[in-house]
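# Fold and contact review
Residues per chain, in single letters:
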2 protein chains.
Amino acid sequence: MSNVLPTIDHVPGFRVAGVHAGLKKDGALDMTLIVSDTPCVAAGVFTTNHMKAAPVLFDMEQLQYNDTHMRAVIVNTKCANACTGEQGLANARQMARLTAAELGCGEDEVLVMSTGVIGSQLPMEKIAHGIKLSAQSLGGDWAAAARGIMTTDTRPKSAAITVTMAGGQTYHIAGISKGAGMIAPNMATMLSVVVTDAVLPGDTARALLQSVTAQTFNRIVVDGDMSTNDTLLLLANGQSGAALQTPDDFTQFHDALSAVCRKLAQDIVRDGEGVTKFITLTVSGTASDVSAQQIANTIATSPLVKTAFFGNDANWGRIVAAAGRAGVPLDPQHIELYITPGEVEGQTAESLLLFTAGMPTAYSEAAATAIFKNPSVSIYLRCGDASGVATIWTCDLSHDYVSINGDYRS
Amino acid sequence: MSNVLPTIDHVPGFRVAGVHAGLKKDGALDMTLIVSDTPCVAAGVFTTNHMKAAPVLFDMEQLQYNDTHMRAVIVNTKCANACTGEQGLANARQMARLTAAELGCGEDEVLVMSTGVIGSQLPMEKIAHGIKLSAQSLGGDWAAAARGIMTTDTRPKSAAITVTMAGGQTYHIAGISKGAGMIAPNMATMLSVVVTDAVLPGDTARALLQSVTAQTFNRIVVDGDMSTNDTLLLLANGQSGAALQTPDDFTQFHDALSAVCRKLAQDIVRDGEGVTKFITLTVSGTASDVSAQQIANTIATSPLVKTAFFGNDANWGRIVAAAGRAGVPLDPQHIELYITPGEVEGQTAESLLLFTAGMPTAYSEAAATAIFKNPSVSIYLRCGDASGVATIWTCDLSHDYVSINGDYRS
């Protein structure tokens, strides 16, 4: 398997466009269309928030009836079409209908994504214009497609990988994502589309996507808030003719998809609002992986821990105190806390032990601070000898985060 | 029942002292001793954090063997005696032993509280000096006692109430607390001692305290972090001779204790780190009170919601989005969101409806902002017609919070 590349060259059978439909005031690209020339196996993972946006509800329904011959995904920015009632649902359906008309496919073959302000209706005239424009501009410009879904992101996010199977056949997996902008008034945040030309059985696409999501997109924490629009879509058009058959084939695809999604997910954290530090947090030794993730999430969402990260403060006390309130039984005597520069899952020769047997070690404060001054820091909390383990990627809580999200909307 | 007063005049049979033992560099009071001339019924509520500090473990054990003849509580600041291992437990016991020696009571009749830096051992020489000093200074200076437990608090916190029973007998309830400082390196935060001269049966003291705590101290959210030292103690010496007998007597005592604890708890929020806004948040219409509190806690710990509060931003979208991810089934169609100036549990004629039937109302942004510019704002989220309800008190997340907690420890 090749390495994950930060840019997308070409995925056979897929054409894309990123256009300016007039939604963004500054003339930036604000709509993206992704089209497959042939029907796709499709799967989606959606926010579990009970306040689901109209496009989320629309896509969930679409995929219930059609997950084997999807053709396109149309995305708009600036308006999340969330908290918009019946009108919002009608507009989401209209977006699919207009796109289908342009592409000459059925409206049941189009999925819809929206991101932006919550609580206002879609400007359907501009949306219609953008759909027409993007249908006319379809081609290979994935960079434009990645920019066309950005909101408060400071840079586009994309990832691609080429996989050569045991039999020598080759297929591609590529994706774009936009993220961690929950800027005032309130952005509905995470969107990602991943496409592949591998031949993927419909029934396994969903299972694969869910399994991968649990290890990637569900392992990132910026501020712990969950948006009304979070959506991840997978489209597989089979153009490569590379058919997954043996268990090894599926494992290989799973790992490749996971690599692409991990890159897209981590980029969302790196580009999070006000983020100055990328944290790789691993918790191990718990009774189950779920317990490990529960502890990791509690640490990663603690304002005290996150502000300490911002302050380059190797504040082991806040980390163990957060772990202690995660709702998972812990024996302080069996806890070990290591910090390591860079992105490491666990400990290395470079690791510094801060806490063990219920007490801090006689570590050098200067050495700890030196580690925390790196843009990437890894934290490893060992809770015992059991087999539970989880790694999540998170960030600090900075003045800029407060400024970005505290500024009044107008 | 009289009103809750912000200062404590006198509680018969109790003597207190707040002294400078040399723990704080600036000469401020840093230790407090509270003594009853006669044995007290005692109850305690402690942090559920699995990383419990030594004084918490010590007090929990003390109260297991003696909850009917407690005599004193000794409190030190600057050092939390948390994450200090066997030595820490020995030091907590020694604090009780030294205090008992000064007072001429048994070491099993003394409870211990510590607050301050986690991970360092108590400076026992200074502690011993402070115990001697405070035993010599015992008197009626509750103001000094309230100051003697302060850490990063900007002002002392106390509350007192006088209750006249149906039969004409009178008793007092008074308490002091210190709070929301989790400043670097990491303070172990909430401590409170409440005393009364009412005659309280031992077996009911704990039940009453737990019931009241659930409605007061457990209803405040500053940053969602839970310390290793949180402790609330109740001492009842019975000096008033006012014995609780009828159900009405217990209800009256419960309400009075609740009023005192509510004041002490709310003062902790008002004096929270970097707090610029006091929020009274009420959630109703859920299947149970627990569900209502679950939603309220999710809203109150959302960084997006808290930064919007800081920005005087009536950001209904973030509030309903946080409610939507609280893990409680919600139907957006049945949600109503009101904001009201001041401290109100629910809605009034002054309330402004921001959201209803799954969509925002056509409210005036200027009117909403005007409400949010008040130092106290109330938020009422109605989720339906069911009977579940909960009110919590919380605050905003400001630049000062990040500064206070982000600054490097040294």
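Residues numbered from 1 in each chain as written. Chains lettered and ligands numbered in written order. Predicted model: local features only at pLDDT ≥ 70, side-chain atom pairs only at ≥ 80, totals over all residues. Heavy atoms only, no water.

The subject of this paragraph is the relation of the copies chain B and chain A. Placing chain B over chain A gives an RMSD of 0.1 Å and needs a rotation angle of 180°, together with 0.0 Å of translation along the axis. The transformation just described matches what one would write down for a two-fold rotation axis. Among all C-alpha atoms of chain B, that of B:His399 lies closest to the rotation axis, at 3.0 Å. Most of the interface of chain B is mirrored in chain A, where 100% of its interface residues again form contacts. (Least-squares fit on C-alpha atoms with pLDDT ≥ 70 in both. Contact = heavy atoms within 4.5 Å.)

Residues and elements named next belong to chain A. Here the domain parsing of chain A yields domain 1 (14-270) and domain 2 (278-406). Between the C-alpha centres of domain 1 and domain 2 there is a distance of 33 Å. Facing the 16 residues of domain 1 at the interface are 16 residues of domain 2. Considering only the side of domain 1, the residues that lose the most area to domain 2 are Arg219, Val221 and Arg270, jointly responsible for 44% of the buried surface there. At the boundary of domain 1 and domain 2, one finds one salt bridge. If you look at where domain 1 meets domain 2, you find five residue pairs in polar contact (both at pLDDT 80 or more). (Domains from an automatic or database assignment. Buried area = accessible area lost by both parts, 1.4 Å probe. Salt bridge = Lys/Arg side-chain N within 4 Å of Asp/Glu carboxyl O. Polar contact = N/O pair within 3.5 Å; in protein donor to acceptor, adjacent residues only side chain to side chain.)

It is worth spelling out the pattern of salt bridges at this point. Within this structure, the stated rule accounts for 26 salt bridges over all chains. For B:Lys157, the salt bridge identified is with B:Asp153, shortest N-O distance 2.8 Å. When its relative accessible area of 2% is taken as the criterion, B:Lys157 is described as buried. What emerges from the salt-bridge pattern is a single network uniting A:Glu61, A:Arg93, A:Arg97 and A:Glu107. (Buried < 20%, exposed > 50% of the residue type's maximum accessible area, 1.4 Å probe, protein only.)

All names here are of chain A. Going through the model one piece at a time under the given rule, you end up with eight aromatic pairs over all chains. For the ring pair tyrosine 338 and tyrosine 380, a centre distance of 5.8 Å and an interplane angle of 20° mean the geometry is stacked. Taken together, the residues span a long stretch of sequence, with tyrosine 338 in strand β11 (residues 336-341) and tyrosine 380 in strand β14 (residues 376-382) at a distance of 42 residues. We classify tyrosine 380 as buried; its relative accessible area is 10%. (Phe/Tyr/Trp six-rings, centres within 6.5 Å; stacked < 30°, edge-to-face > 60°. Helix = DSSP H or I, 4+ residues; strand = E, 2+ residues; numbered from the N terminus.)

Further remarks concern the pairing of strand β12 (residues 352-356) of chain B. All names here are of chain B. As paired elements, strand β11 (residues 336-341) and β12 share four bridges and run antiparallel to each other. Bridged to tyrosine 338 within β12 is leucine 353. The sheet contact formed by β12 and strand β13 (residues 359-360) spans two bridges and is antiparallel. Bridge pairing links phenylalanine 355 to proline 360 in β13. (Pairing = 2+ DSSP bridges.)

As a further point, take the confidence of the model for chain A. On average, chain A scores 90 in pLDDT, and the residues at 70 or more come to 96%. Within the model, the stretch residues 182-187 of chain A combines pLDDT values under 50 with 33 contacts to residues more than four positions away or in other chains. (pLDDT = per-residue confidence, 0-100.)

What follows deals with the interface of chain B and chain A. Each partner contributes residues to the interface: chain B has 62 residues there, and chain A has 62 residues. At the boundary of chain B with chain A, total buried surface from both sides reaches about 4600 Å², with 58% on carbon and sulfur atoms. For the interface between chain B and chain A, the tally reads zero salt bridges. Between chain B and chain A we count six residue pairs in polar contact (both at pLDDT 80 or more) in total. For the side of chain B that touches chain A, the secondary structure elements donating two or more residues are α8 (303-310), α9 (316-324), β13, α10 (365-372) and α11 (399-406) of chain B. Ranked by residue count, the leading element in the side of chain B that touches chain A is α9(B), at seven residues. Its residues placed into classes, the side of chain B that touches chain A shows 30 nonpolar, 24 polar and eight charged. (Nonpolar A, V, L, I, M, F, W, Y, C, P; charged D, E, K, R; others polar.)

On to the sheet that holds β11(A). All names here are of chain A. Strand order in the open sheet made by the seven strands is β8-β15-β10-β14-β11-β12-β13, with mixed pairing throughout. Each end of this open sheet is capped by a strand with a single partner; those strands are β8 (220-221) and β13 (359-360). Note: β11 against β14, six bridges, orientation antiparallel. For leucine 337, the partnering residue across the bridge sits in β14 and is leucine 381.

Before going further, it helps to examine the sheet that holds strand β8 (residues 220-221) of chain B. Residue and element names in this part refer to chain B. Pairing is mixed in the open sheet, where seven strands are placed in the order β8-β15-β10-β14-β11-β12-β13. The open sheet has two edge strands, β8 and β13, and neither has a second partner. Packed on one face of the sheet, helix α7 (residues 289-300) meets β8, β10 (278-286), β14 (376-382) and β15 (388-395) and runs near 25° to β15. (Axes fitted to C-alpha atoms, helices over the stretch in contact; angles between N-to-C directions.)

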